[in-house]
Amino acid sequence: MAADEERDGVRLTSLDSPLGDGLEVTKRELVDHVDAFADRLVPLLADRPLTVKRVRPGAAPFIQRDVPKGAPDWVRTVATWSDRARREVHQVLADDRRTLLWLANQRAVEFHVPFSRVGEEQPTGLVLDLDPPDGADFDVVVRTALLCRQALADAGLTAAVKTSGSTGVHVVVPVHGSSAEDVAAATRALAARTERLDPDLATTVYVVAERGERVFVDSTRSGRGTIAAAYSPRVRPGLPVSAPVSWADLADVRPGDVTVRTAAGRFGDADPWAAALPEPQELPADLVAEGHTIPIARVQAMHEGKRRARARAAEDAG
């Protein structure tokens, strides 16, 4: 089989070479997956500034927001400000199949998007990202996801769920009519309410060392953060995929069940993520108000870290 070929006008190269170190797949397997799911990925990515995670043999995976040099002139981009780079970058808008194929040929494995579209300030959703402690059984993630579902139901909201493609799950709530700040606040409130339902199981503590054996309910990806899109592969051995799952089947799922090799056979031409997502919902005012009283987790952790450092310095000086 030829190592190079062309699809949709995109020249694809070195397809039968290993994709990256330790990933146990070829570049062709990534390209074939992206191609098979292009019709379902494009609606999730279109008009949203794209952040990708790329791999190269012999090098560590890396995050890329700025469009690579030498990109074809038909690749659409949008100028955004990067706080990390402290400059304007030009992020790709993956609006069609050929752009996705070109990205896969660049060994872009992960596709992360914000909840807001270009030119729109109001987010279209929020996410509770559940992160289990190292070595934990997936059952604790399932139980925490069900707590999230209960907290949402208590607030009059519904959600869809998908595996993250790593070790956790994403509980996603389509929303409308709220600012990024209000959506982020509501997410913090939902995380706190989830924690209160079973504080021995779930936690909102940002510092890993302080979570113990509890599942972290991460509220920080909503508002102006990003999320790995459904059907996106993840940079892990075998390239597992962020896969939609019904609430009824969640207990039977295991991370890594769906990979770039098995996703097409699992889902066929169906789009279970589009089918599972509820209609956009308005956020309750009391939820938003509660969230605005809760500090942003990573900011609170940063301030606490500085406070402890000052206390240690004062103790050492004494």
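Since the model is a prediction, treat every value here as computed from it, not as a measurement.

**Remarks on the pattern of salt bridges**
Phase 1: Taken as a whole and assessed by the stated rule, the structure comprises 25 salt bridges.
Phase 2: For Asp35, the salt bridge is made with Arg97, and the minimal N-O distance between the two is 2.6 Å. Taken together, the residues Asp35 in helix 1 (residues 27–36) and Arg97 in helix 3 (residues 97–105) connect sequence positions 62 residues apart.
Phase 3: Look at Asp35 and you get buried, because its relative accessible area is 18%.
Phase 4: The exposure class assigned to Arg97 is partly exposed, which follows from its relative accessible area of 33%.
Phase 5: A salt bridge links Arg76 to Asp95, with the shortest nitrogen-to-oxygen separation between them at 2.1 Å.

**Looking at the domain arrangement of the protein chain**
Phase 1: The domain boundaries assigned to the protein chain delineate domain 1 (5–114 + 229–236) and domain 2 (125–225 + 279–303).
Phase 2: For domain 1 and domain 2, the distance between their C-alpha centroids amounts to 28 Å.
Phase 3: Each partner contributes residues to the interface: domain 1 has 6 residues there, and domain 2 has 6 residues.
Phase 4: Taken together, the two surfaces of domain 1 and domain 2 that pack against each other cover about 410 Å², and 47% of this comes from carbon and sulfur.
Phase 5: Along the contact surface separating domain 1 from domain 2 lie 0 salt bridges.
Phase 6: Across the contact surface, domain 1 and domain 2 share 2 residue pairs in polar contact (both at pLDDT 80 or more).
Phase 7: Split into classes, the residues belonging to the side of domain 1 that touches domain 2 amount to 4 nonpolar, no polar and 2 charged.

**Some points on empty space enclosed by the protein**
Phase 1: One pass over the full model with this rule turns up 1 cavity of 30 Å³ or more.
Phase 2: Approximately 60 Å³ is the volume found for the largest cavity.
Phase 3: Residue lining of the largest cavity: Leu50, Val52, Gln64, Arg65, Asp66, Val67, Pro68, Val92 and Leu103, and that is the complete set.
Phase 4: Among the residues forming the lining of the largest cavity, the class breakdown is 6 nonpolar, 1 polar and 2 charged.

**Remarks on the UniProt feature "domain: DNA ligase D polymerase" (unreviewed entry) in the protein chain**
Phase 1: Annotation from UniProt places "domain: DNA ligase D polymerase" (unreviewed entry) at residues 26–273.
Phase 2: Annotated as residues 26–273, this span is 28% helix and 24% strand, and its ends, taken at the C-alpha atoms, are 26 Å apart.

**A word on the sheet that holds strand 11 (residues 202–203)**
Phase 1: With mixed pairing, 6 strands are arranged side by side in an open sheet as 11-12-8-10-9-14. With partners counted over all chains shown, the strands left at the sheet margins are strand 11 and strand 14 (244–245), one partner each.
Phase 2: Looking at chain direction, strand 11 and strand 12 (residues 215–218) are connected through 2 bridges and run parallel. Within the sheet, the bridge partner assigned to Ala202 lies in strand 12 and is Val215.
Phase 3: Along the sheet, helix 4 (residues 138–154) makes contact with strand 8 (125–131), strand 10 (169–174), strand 11 and strand 12, crossing strand 10 at roughly 15°.
Phase 4: Contacts between helix 5 (residues 180–197) and the sheet are confined to strand 8, strand 11 and strand 12, with strand 8 contributing the most and set at about 40° to the helix.

**Some remarks on the layout of surface pockets**
Phase 1: Put simply, the second largest pocket is a space of about 550 Å³.
Phase 2: Sorting the residues of the lining of the second largest pocket by element identifies helix 2 (38–45), strand 7 (108–114), strand 10, strand 13 (226–228) and helix 7 (272–276) as the ones contributing at least two each.
Phase 3: Tallied by class, the residues present in the lining of the second largest pocket amount to 19 nonpolar, 5 polar and 6 charged.
Phase 4: When we break the lining of the second largest pocket down by domain, the ones giving at least three residues each are domain 1 (5–114 + 229–236) and domain 2 (125–225 + 279–303).

**Details of the pairing of strand 6 (residues 87–92)**
Phase 1: Bridge analysis of strand 5 (residues 77–82) against strand 6 gives 6 bridges, and the strand direction is antiparallel. Looking at strand 6, one finds that Ala79 is bridged to His90.
Phase 2: Hairpin connection, strand 5 to strand 6: the antiparallel pair is bridged by 4 residues, and Arg86 has positive phi, about 55°.

**A look at unusual backbone geometry**
Phase 1: Positioned with a positive phi, Asp8 is a non-glycine residue whose angle comes to about 50°.
Phase 2: With respect to the element layout, Asp8 can be found in the loop between strand 1 (5–7) and strand 2 (10–12).
Phase 3: Since its relative accessible area comes to 40%, Asp8 is described here as partly exposed.

**What to know about the side chain of Asp35**
Phase 1: Side chain to side chain, Asp35 and Arg7 meet in a polar contact 3.0 Å long.
Phase 2: Not counting residues up to four positions away in its chain, the partners in contact with Asp35 are Arg7, Arg97 and Leu101.

**Some remarks on the packing of aromatic side chains**
Phase 1: Here the structure, examined in full by the defined rule, presents 4 aromatic pairs.
Phase 2: Centroid distance Phe37 to Phe267: 6.3 Å. Interplanar angle 90°. Geometry classified as edge-to-face. Note that Phe37 is positioned in the loop between helix 1 and helix 2 and Phe267 in helix 6 (residues 263–267), a separation of 230 residues in sequence.
Phase 3: With a relative accessible area of 12%, Phe267 lands in the buried category.
Phase 4: Measuring from ring centre to ring centre gives 6.1 Å for Tyr206 and Phe216, while their planes differ by 80°; the resulting arrangement is edge-to-face. Placement of the pair is Tyr206 in the loop between strand 11 and strand 12 and Phe216 in strand 12, with a sequence separation of 10 residues.
Phase 5: Across the ring face of Phe216, the terminal group of Arg211 is positioned such that the distance to the ring centre comes to 3.8 Å.

Calculation criteria
Residues numbered from 1 in each chain as written. Predicted model: local features only at pLDDT ≥ 70, side-chain atom pairs only at ≥ 80, totals over all residues. Heavy atoms only, no water. Salt bridge = Lys/Arg side-chain N within 4 Å of Asp/Glu carboxyl O. Helix = DSSP H or I, 4+ residues; strand = E, 2+ residues; numbered from the N terminus. Buried < 20%, exposed > 50% of the residue type's maximum accessible area, 1.4 Å probe, protein only. Domains from an automatic or database assignment. Contact = heavy atoms within 4.5 Å. Buried area = accessible area lost by both parts, 1.4 Å probe. Polar contact = N/O pair within 3.5 Å; in protein donor to acceptor, adjacent residues only side chain to side chain. Nonpolar A, V, L, I, M, F, W, Y, C, P; charged D, E, K, R; others polar. 1 Å grid on protein atoms, 1.4 Å probe; cavity = no way out; pocket = protein on both sides within 12 Å on 5 of 7 lines; lining within 4 Å. Points joined across faces, edges and corners; volume = space filled by probe spheres on them. UniProt positions renumbered as here; feature names shortened; annotations may be inferred. Pairing = 2+ DSSP bridges. Axes fitted to C-alpha atoms, helices over the stretch in contact; angles between N-to-C directions. Phe/Tyr/Trp six-rings, centres within 6.5 Å; stacked < 30°, edge-to-face > 60°. Lys NZ or Arg CZ within 6 Å of the ring centre and 35° of its normal.

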